[in-house]
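# A look at the structure
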2 protein chains.
Amino acid sequence: MKSINICFSPALYPYYSQNDDKTLVVVVDVFRASTTICAAFAAGAVAVCPVKSLNEAVQAKARGSLVAAERNADKCDFADFGNSPFDYTPEKLYGKTLFFTSTNGTSAIETVNNSNSAEIIIGAFVNLQAVADFCIERGKNILILCAGWKNRFSIEDTLFGGALIEILIASGYFTANSDSAYVSQILWKQAKDNIFNFLKDTEHFSRLKNRVLDNDIHFCLQKNTINLLPIFNKSKNLIELCSVG
Amino acid sequence: MKSINICFSPALYPYYSQNDDKTLVVVVDVFRASTTICAAFAAGAVAVCPVKSLNEAVQAKARGSLVAAERNADKCDFADFGNSPFDYTPEKLYGKTLFFTSTNGTSAIETVNNSNSAEIIIGAFVNLQAVADFCIERGKNILILCAGWKNRFSIEDTLFGGALIEILIASGYFTANSDSAYVSQILWKQAKDNIFNFLKDTEHFSRLKNRVLDNDIHFCLQKNTINLLPIFNKSKNLIELCSVG
């Protein structure tokens, strides 16, 4: 049996990380970075290069690269893309490499990458089943890392965690024993029949709602619309596509 | 209207702390430090001096002071008390000052004290109503700080948070808008009719259960058995009793 656990914030990662070479970390930022990265690959991007600072993103743009940059839910002026999955079309992205920076998602990836040698994949509701299949196939311990909001707890990432934990436990290959995993499952059970309604009074939902991003919200909460698995390639510092059987 | 929020770990405190001079922080460690501190005052202690390191506790003992010291749920050999509230009797404590160190509770107090000037009180189920009354009387923004377990999320502290948030919102003086507050309320609503049952598969519950500490668990989950309010006096570095009307 392998274990599955969930960490509610990148700032808590050091307290959840263990046996990193035997661990697969699923980085999730439902609203919207991890969803959007899936959308970029669905549009035919060949790689996504996560960068933490706006400065690095500006430099990539100056070198002529395609750049996605978001801060506080808004697109940065200099960038080609914001964080809305609808911007990521084949016309703009097919065959291209995209530099990508967002408020929470990219720093979550960097937190893991700078800490240890755990394998990193990108999860969201849109590719939930692809993530679950890969977790089962790899046979490692799983740690779900919620990107959160500026290191604070985010409910939508926790719900994704609950959904993934439910599938993995049902597979018979995983057990979950932590309080955070327990709570994620309880919340998912309560939310799953109407996630939209469950989330309507929550923080980041309101942040997006205030920006009239209803379509983004709906897109991000749909399950299994993208059967792709973005995986972080440490040696290249790039997110690439892993073919899912 | 004042705000009420909850922070799931001392390691996340920097991301939740704001306007600290207008904030009252409720430090909670249900299993067992904050419950035990209440028990010490109920037994007639005049002050509790929280110390973070075992070394400081050993030095206090060498100076002839009464010392409570726990690590990983076990009493330290050199100490007079462990972390079981039943050890704290009037015979041993009446009129005395107690030096106190525990795995999580005392470092949560120190986290706040070292960060800013927020007022600090000690909350647990045993003094829930006293805490709520004080929060309403003070008229500050409230931040509940869960001691957690070695900076990891703990469900029992979160449930206390949900219970306190429920009372404070019902008072009409407070609003809660964060995802962490929302989740705490959901969990409390689900748990409150049978907290013991709700917690029976959780982490720290099992840790105590394995040590045959059922009585401690029951004591810690009883509401309003101690109508006292421990408050941290920064200038003296002591927890003292605040008289509750």
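Residues numbered from 1 in each chain as written. Chains lettered and ligands numbered in written order. Predicted model: local features only at pLDDT ≥ 70, side-chain atom pairs only at ≥ 80, totals over all residues. Heavy atoms only, no water.

### Here we look at the overall build of chain A
Along chain A, the regular secondary structure elements total eleven helices and eleven strands. Taken over the C-alpha trace, chain A has a radius of gyration of 17 Å; the compact-globule value for 245 residues is 18 Å, and the two agree within 12%. Viewed in the frame of its principal axes, chain A has a C-alpha envelope of about 50 × 40 × 35 Å. The burial tally for chain A puts 60% of its 245 residues in the buried class. A separation threshold of at least 6 residues defines the contact pool for chain A, and within that pool the share at least 24 residues apart is 76%. In the form shown here, chain A has an accessible surface area of approximately 9,300 Å², with 46% of it arising from carbon and sulfur atoms. Charge-centre separation for chain A: the mean point of 23 positive side chains lies 2 Å from the mean point of 24 negative side chains. (Helix = DSSP H or I, 4+ residues; strand = E, 2+ residues; numbered from the N terminus. Rg over C-alpha atoms; globule rule 2.2 N^0.38 Å. Buried < 20%, exposed > 50% of the residue type's maximum accessible area, 1.4 Å probe, protein only. Contact = heavy atoms within 4.5 Å. Areas by Shrake-Rupley, 256 points an atom, 1.4 Å probe, with all protein chains shown as cover. Lys, Arg positive; Asp, Glu negative; His and termini not counted. Charge placed at Lys NZ, Arg CZ, Asp CG, Glu CD.)

### Notes on the relation of the copies chain A and chain B
Turning chain A through 180° and shifting it by 0.0 Å along the axis lays it on chain B, with an RMSD of 0.0 Å. Read as a symmetry element, the transformation amounts to a two-fold axis. Comparing interface residues between copies, 96% of those in chain A also lie at the interface in chain B; the contact surface is shared. (Least-squares fit on C-alpha atoms with pLDDT ≥ 70 in both.)

### Some words on the interface of chain A and chain B
Counting residues at the interface gives 27 residues for chain A, matched by 26 residues for chain B. Counting the contacts that link chain A with chain B gives zero salt bridges. At the junction of chain A and chain B, the tally comes to ten residue pairs in polar contact (both at pLDDT 80 or more). Mapped onto the side of chain A that touches chain B, the elements with two or more residues apiece are α1 (13-16), α7 (155-170) and α8 (179-191) of chain A. A per-element tally of the side of chain A that touches chain B places α8 of chain A first, with seven residues. Class assignment for the residues of the side of chain A that touches chain B results in twelve nonpolar, ten polar and five charged. (Salt bridge = Lys/Arg side-chain N within 4 Å of Asp/Glu carboxyl O. Polar contact = N/O pair within 3.5 Å; in protein donor to acceptor, adjacent residues only side chain to side chain. Nonpolar A, V, L, I, M, F, W, Y, C, P; charged D, E, K, R; others polar.)

### Considerations on the pattern of salt bridges
Residues and elements named next belong to chain A. By the definition in use, this model includes 14 salt bridges over all chains. Note that lysine 140 and glutamate 119 form a salt bridge whose closest N and O atoms lie 2.9 Å from each other. Here lysine 140 is found in the loop between α6 (128-138) and β8 (141-146), whereas its partner glutamate 119 is found in strand β7 (residues 119-123), with 21 residues between them in sequence. Taking the relative accessible area as the measure of exposure, glutamate 119 reaches 16% and is therefore buried. Lysine 192 is paired through a salt bridge with glutamate 166; the nearest N and O atoms lie 2.8 Å apart.

### Digging into the packing of aromatic side chains
Residue and element names in this part refer to chain A. Within this structure, the stated rule accounts for 15 aromatic pairs over all chains. A ring pair is formed by phenylalanine 125 and phenylalanine 160, whose centres lie 5.8 Å apart and whose planes are at 80°; its orientation type is edge-to-face. Separated by 35 residues along the polypeptide, phenylalanine 125 in the loop between β7 and α6 and phenylalanine 160 in helix α7 bring together distant segments of the chain. Overall, the relative accessible area of 0% leaves phenylalanine 125 in the buried class. (Phe/Tyr/Trp six-rings, centres within 6.5 Å; stacked < 30°, edge-to-face > 60°.)

### Side note on unusual backbone geometry
Residue arginine 32 of chain A is reached from phenylalanine 31 of chain A by a cis peptide bond, and omega for that bond is 5°. For lysine 150 of chain B, which is not glycine, the phi torsion reads 50° and is therefore positive. Mapped onto the secondary structure, lysine 150 of chain B falls in the loop between β8 (141-146) and α7 (155-170). We classify lysine 150 of chain B as partly exposed; its relative accessible area is 42%.

### Some thoughts on the packing of α8 of chain A against helix α8 (residues 179-191) of chain B
Each packed pair of helices is defined by two parameters, the angle between the axes and the distance between the axes. Remark: α8 of chain A packs on α8 of chain B, axes separated minimally by 11 Å, with the N-to-C direction vectors making an angle of 85°. It follows from the interaxial angle that α8 of chain A and α8 of chain B lie roughly perpendicular. From α8 of chain A, Val183, Ile186, Leu187 and Gln190 of chain A reach across to α8 of chain B, where they touch Val183, Ile186, Leu187 and Gln190 of chain B. (Axes fitted to C-alpha atoms, helices over the stretch in contact; angles between N-to-C directions. Parallel < 35°, antiparallel > 145°, perpendicular 65-115°, else oblique.)

### With respect to the nonpolar core
The biggest cluster of nonpolar side chains holds 168 residues, and the ones touching the most others in it are Leu98, Ile144 and Leu159 of chain A together with Ile144 and Leu159 of chain B. Other than its neighbours up to four places away in sequence, isoleucine 144 of chain B contacts Ile4, Asn5, Ile6, Cys7, Val26, Val28, Phe160, Gly161, Leu164 and Ile165 of chain B. (Core = buried A, V, L, I, M, F, W, Y, C linked by side-chain atoms within 4.5 Å.)

### As for the pairing of strand β2 (residues 23-28) of chain A
All names here are of chain A. With six of its six residues buried, β2 lies for the most part within the structure. Relative to β8, β2 runs parallel, the two being bridged by six bridges. When the sheet's bridge partners are listed, valine 27 is paired in β8 with leucine 145. Summarising the sheet, β2 and β7 pair through five bridges and their orientation is parallel. (Pairing = 2+ DSSP bridges.)

By themselves, these figures tell us nothing about what the structure is for.
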